[in-house]
Amino acid sequence: MTGQIHSIETFGTVDGPGVRFVVFFEGCPMRCLYCHNPDTWVPGAGETHTASALIARMLRNRSFYSTGGITATGGEPLMQLDFLTELFELAKANGINTCLDTSGATFHDDPQYLARIDRLLAVTDLVMLDIKHMDEESHRALTGHGNKHILAFAKYLREKKVKMRVRHVIVPGYTDGREELAALGRFLKDFDNLEKIEALPYHTLGKAKYENLGIPYPLGDTPQLTAKDAEAALAVIKENM
Ligand code: SF4
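Residues numbered from 1 in each chain as written. Predicted model: local features only at pLDDT ≥ 70, side-chain atom pairs only at ≥ 80, totals over all residues. Heavy atoms only, no water.

A. Main features of the pattern of salt bridges. According to the stated counting rule, one finds 16 salt bridges in the structure shown. For arginine 116, the salt bridge goes to aspartate 82, with nearest N and O atoms at 3.1 Å. Taken as a pair, arginine 116 in helix H3 (residues 111-121) and aspartate 82 in helix H2 (residues 81-93) lie far apart in primary sequence, 34 residues in all. Overall, arginine 116 belongs to the partly exposed group, its relative accessible area being 36%. (Salt bridge = Lys/Arg side-chain N within 4 Å of Asp/Glu carboxyl O. Helix = DSSP H or I, 4+ residues; strand = E, 2+ residues; numbered from the N terminus. Buried < 20%, exposed > 50% of the residue type's maximum accessible area, 1.4 Å probe, protein only.)

Dropping the structure here:
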């Protein structure tokens, strides 16, 4: 089996614990207004890799990753679920820590799909789940999709006792409202599998990619968020947990 891979970062320090070999998968069903990787949305521009080629490349510098491991991100890695599972199975067979960074948007409760997800989760050490907005309609306005499947995936991870970190991008005027932040805190209150919650400040580093792709930048002149404001947002989430 082969995967459609946008790119690889061999020294990732922000996508999971320790230093990580980060694989950016191609394809994403969402269109988040603040996405800084629009170049991963449509498969075809990247490269085709086998799982064994990716793991072999990682193992060449194995000592880098002694406190880290491999992270699948994107794009949306779950769009290539079977390839992702093969990659993580091979990683675990080589004693490598595995982390999935996902929006969870493709999750659904069809029994056949759940069997495939279970196989993936059996070889996944950590899921970093992006919860974009707690309100269904605001989520749809922000990403083009509702949030039901994403919240259901969070609950499924809890049921399966898979370690989870939640990431929430704080965008001025979109996701920084007190009620929105409080709702996220209330939702996460009972998650005994939650290892960490991160409030990530919105930034505009992806703007140039939109220009290169000839796509108008959706958030116009929305200002970047300061680290201090992101900390204040995180405090509101935690107050409600
Ligand atoms: S889910 Fe991630 S990759 Fe997909 S549009 Fe949103 S931010 Fe971009």
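B. Examining the layout of surface pockets more closely. One number sums up the size of the largest pocket: a volume of about 790 Å³. Around the largest pocket sit 37 residues that line it, and His36, Asn37, Asp101, Asp130 and Arg167 are the ones nearest its centre. Where the lining of the largest pocket is concerned, the elements lending two or more residues are strand E1 (2-12), strand E5 (97-102), strand E6 (126-130), strand E7 (164-170) and strand E8 (194-201). Considered class by class, the residues forming the lining of the largest pocket number 13 nonpolar, 13 polar and eleven charged. (1 Å grid on protein atoms, 1.4 Å probe; cavity = no way out; pocket = protein on both sides within 12 Å on 5 of 7 lines; lining within 4 Å. Points joined across faces, edges and corners; volume = space filled by probe spheres on them. Nonpolar A, V, L, I, M, F, W, Y, C, P; charged D, E, K, R; others polar.)

C. Expanded view of unusual backbone geometry. In this model, glycine 74 is joined to glycine 75 through a cis peptide bond whose omega is 15 degrees. You can see glycine 75 is positioned in the loop between strand E4 (69-73) and H2. Despite not being glycine, lysine 161 has its phi angle at roughly 60 degrees, a positive value. Within the element layout of this structure, lysine 161 appears in the loop between helix H5 (148-159) and E7.

D. A look at the pairing of E1. In this sheet, strand E3 (residues 47-50) lies alongside E1 in antiparallel orientation, the contact comprising four bridges. By the bridge assignment for E3, threonine 2 is matched with threonine 50. Relative to strand E2 (residues 20-25), E1 runs antiparallel, the two sharing five bridges. Within E2, the position partnered with isoleucine 5 by the bridge is phenylalanine 25. (Pairing = 2+ DSSP bridges.)

E. Highlighting the nonpolar core. Ranked by internal contacts, the top residues of the largest apolar core, which has 72 residues, are Ile70, Phe88, Ile131, Met164 and Leu188. Apart from residues lying up to four places away in sequence, phenylalanine 88 is in contact with Ile70, Ala72, Thr98, Cys99, Leu100, Leu120, Val123 and Thr124. (Core = buried A, V, L, I, M, F, W, Y, C linked by side-chain atoms within 4.5 Å. Contact = heavy atoms within 4.5 Å.)

F. Highlighting the packing of helix H6 (residues 178-188) against helix H8 (residues 227-239). For the pair H6 and H8, the least separation of the axes is 7 Å and the interaxial angle reads 50 degrees. With respect to each other, H6 and H8 are oriented oblique. Crossing geometry of H6 relative to H8 is assigned as right-handed. In contact with Arg178, Leu181, Ala182, Leu184 and Gly185 of H6, H8 contributes Ala233, Val236, Ile237 and Glu239. (Axes fitted to C-alpha atoms, helices over the stretch in contact; angles between N-to-C directions. Parallel < 35°, antiparallel > 145°, perpendicular 65-115°, else oblique. Left-handed = near helix turned anticlockwise from the far one by under 90°.)

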